[in-house]
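Here's the letter readout for the chains.
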Amino acid sequence: MVVQTRNKHKDLPSKGDQAPRCPLRSRRGMGSGERRPLTEDKCSRGPRASSPAPIHPSGGGGRKGHAPGSLPRRLLIGTVQPFIGLFLEKLLKLRRYQGFSWNLTLSIGAFVGVMHWAHLTTLFENDRHFSHLSTLEREMTFRTEMGLYYSYFKTMIEAPTFLRGLWLIMNDRLTEFPLVINAVKRFHLYPEATRVMWTPPLRESFSYPFHVLQMLLITHILRSHQNCKKDFIALLVSNVAFMLPWHFAQFILFTQMASLFPMYIVGYIEPYKFLKIILVNMVSVAICFVLMFGKSTYLSSYFASSLIITWGFMKKRSKVQKLQSSQYTIWLIQGFLWWSGTIVLKILLSQLLAVSDHIHLSDLITARILRYSDFDTLMYTCAPEFDFMEKETPLRYTKTLLLPVVVMISFLIFRKVIPDIFYMLSAGETCIRKQLDRNESKNPPTALLVFHELQLFAFAILAIFIMRLKLFLTPHMSVMASLVCSKQLFGRFFDRVRFENFVFALIAVMSIQGWLNLQSQWSIIGEFSNAPQEDLLQWIRQNTRSDAVFAGAMPTMASVKLSALRPIVNHPQYEDGGLSRTRTKIVYSVYSRKTAKEVRDKLLQLHVNYYILEEAWCVVRTKPGCSMLEIWDVEDPTNAGKPSLCSILVKDGRPYFTSVFQNSMYRVFRVN
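The model shown is predicted, which means the values in this text are computed figures rather than measured ones.

A. Fine view of unusual backbone geometry. The residue after phenylalanine 177, namely proline 178, is reached through a cis peptide bond having omega 5°. With respect to the helices and strands, the residue proline 178 is situated in the loop between α4 (162-170) and α5 (183-187). With a phi angle near 60°, phenylalanine 293 is a residue other than glycine that sits in the positive phi range. Here phenylalanine 293 shows up in the loop between α9 (271-291) and α10 (302-315). With a phi angle near 60°, leucine 565 is a residue other than glycine that sits in the positive phi range.

As structure tokens, this is what we get:
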């Protein structure tokens, strides 16, 4: 939970937009429940009146030195000394409480982390009996992308030296044969395999913890009255660590910018602080660009475009303030220009850097909204993890009371912010900025509530359109639910009900369904077994040359590369249009209505020796419109109505394909 405090000491007015330097020791704030009423005209009011200085008997103004008639030195010391002692006593108590609070928080966090690790290990072991599997069976459990990424980890640990393993990865000849690719650049391979969540070696599994750290640092920076250099350095490191392992991380950071920019134009963030955040983000993108060997997608992302547009807005801030329009109109103009400028700049950069075919989360969301479909979008949207959020998900959130609590908190935040917005509309831009410079316009906790509420809204939209992105929604809902402990939101309620009783009662009720969920998950007992695939891999190892080239379904190709160490021409990483998607479309044409000769000729152009056909793919469909034949009818309507090539190959593929292996699930054809 975000600890919400407000500095009780008046900060000196900053010069221009420059914030005060970071002090050696942080100052303690007053209770979060105190808040200056918005009905008071802050612009017309000058700085707070300081306590009047003692009046000298001679009528002097209390200047330093021993003016005639001044108080005796011992009397002055005797008067001040008790106050100094009381202040030091309070400071020591606060420092002790702060140290105890941090130690307790870290201890609880470590305990929960260990428990979470044990929980995931238990689930994985119960479901697959992983500890009793052979090496081949363990590798077979890593399907699709997991198998591909784990194959590089296997290359590293089996290499004679680290440098040799790194050279093999950066000169990969197996994944997109006959091409030699830098796999570190193509697949964001800086992390090693890990098991942070259910699926062990996915890139987002490694990347997500750094996103949590990044959100924590942004929260701390927004809350702090100072702009400490170390805070922004930590933000820089967390940004890089988040973006390096996962290519979709940039879009998540774009939603963060989409949350921070409206806060800036309304007046919740000081311009100087926001500018430093923008510059840190720009440096982060530049570092990732260099570490990823000049990967141009970093420069053509929505995140990079939004940073440039935001920086431009801040440089022209003085001109925006001079517009002769209502505050509401100015906000709308800035919002419209920010969104349109970001989209246009992203398109221009993509064209300039020749990365227009690289698929993004935004492309999938746009396809959802516009109901547009082609081969590439259907390959994603037909997969369950990229489908819409399941209808059961909100019900599960409701059973644990997570959704009702978050809705209640969102309502309270909305009710708290709306009066602020109306007040800002009635006040001028100059007035708002002067308040911000004096750290008096908005107390930091309100800005934090607005930021996290906007991020919750963005994560909810992403999760609704792409089920896989519940990864960001569910944890953030839990963070927002912790605000039930906020006296800023529930101050009046806690005046009538004991705070501790309410919180513990709510946790107890939420734990009922939570405990039932844990028991349900722990009761899943299974054992991994895939005899047909095991037979296939054993046959490949024993009956084909080590340089034999294979093609087939993306999940199977990951296993062929990982366990059989054979060259493949396509793989599960499907984002890059120039390589992966073009090759996969050629390989998947076996499930289309094209002629056997046409498909054979294209496979030979990729130097394919063997094709692995999965008979189930000829007919199965996950939902209406998602069978391979239906997808190909959308992509290739000219051949609609012709017999499927898959059914022809199952009967007899000669003279273009010769069957050399067959079991209950797979058929291997030699490409003649």
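B. Structural detail: the UniProt feature "transmembrane region" (unreviewed entry) in the protein chain. The UniProt record marks residues 100-118, 232-254, 274-292, 298-314, 335-354, 401-425 and 446-466 with the feature "transmembrane region" (unreviewed entry), using the residue numbering of this structure. Between the end C-alpha atoms of residues 298-314 there is a gap of 22 Å, over a span that is 76% helix and 0% strand. For residues 401-425, helix accounts for 96% and strand for 0%, while the C-alpha atoms at its two ends are 36 Å apart.

C. Quick peek at α9. Counted at 1.5 Å a residue, the expected span for α9 with its 21 residues is 30 Å, and the 30 Å between its end C-alpha atoms agrees. Pro271, Lys273, Phe274, Ile277, Ile278, Val280, Asn281, Ser284, Val285 and Cys288 are the residues of α9 that are buried. Count one or two residues on from α9 and you reach phenylalanine 293, which has phi positive near 60°.

D. Quick look at the pairing of strand β5 (residues 657-662). The pairing of β5 with strand β6 (residues 666-671) spans five bridges and is antiparallel. Paired with glutamine 662 across the two strands is arginine 667, which belongs to β6. In this antiparallel pair of consecutive strands, β5 and β6, the connection spans three residues.

E. A look at the state of the cysteines. Per the counting criterion, the structure on display carries two disulfides. For cysteine 382, the disulfide goes to cysteine 626, at an S-S distance of 2.0 Å. Here the disulfide of cysteine 382 and cysteine 626 is left-handed, its torsion about the S-S bond being about -80°. A residue pair is termed long-range when its members are at least 10 positions apart, and cysteine 382 in the loop between α14 (375-381) and α15 (392-399) and cysteine 626 in the loop between β4 (610-614) and α26 (628-635) qualify at 244 residues. No difference in accessibility class separates cysteine 382 from cysteine 626, as the two residues are buried. Each sulfur of the disulfide joining cysteine 618 and cysteine 646 lies 1.5 Å from the other. One end of the pair, cysteine 618, is in the loop between β4 and α26; the other, cysteine 646, is in helix α27 (residues 645-651), with 28 residues separating them in the sequence. The buried category is assigned to cysteine 618, whose relative accessible area is 17%.

Cut-off values and rules
- Residues numbered from 1 in each chain as written.
- Predicted model: local features only at pLDDT ≥ 70, side-chain atom pairs only at ≥ 80, totals over all residues.
- Heavy atoms only, no water.
- Helix = DSSP H or I, 4+ residues; strand = E, 2+ residues; numbered from the N terminus.
- UniProt positions renumbered as here; feature names shortened; annotations may be inferred.
- Expected span 1.5 Å × (residues − 1).
- Buried < 20%, exposed > 50% of the residue type's maximum accessible area, 1.4 Å probe, protein only.
- Pairing = 2+ DSSP bridges.
- Disulfide = S-S within 2.5 Å.

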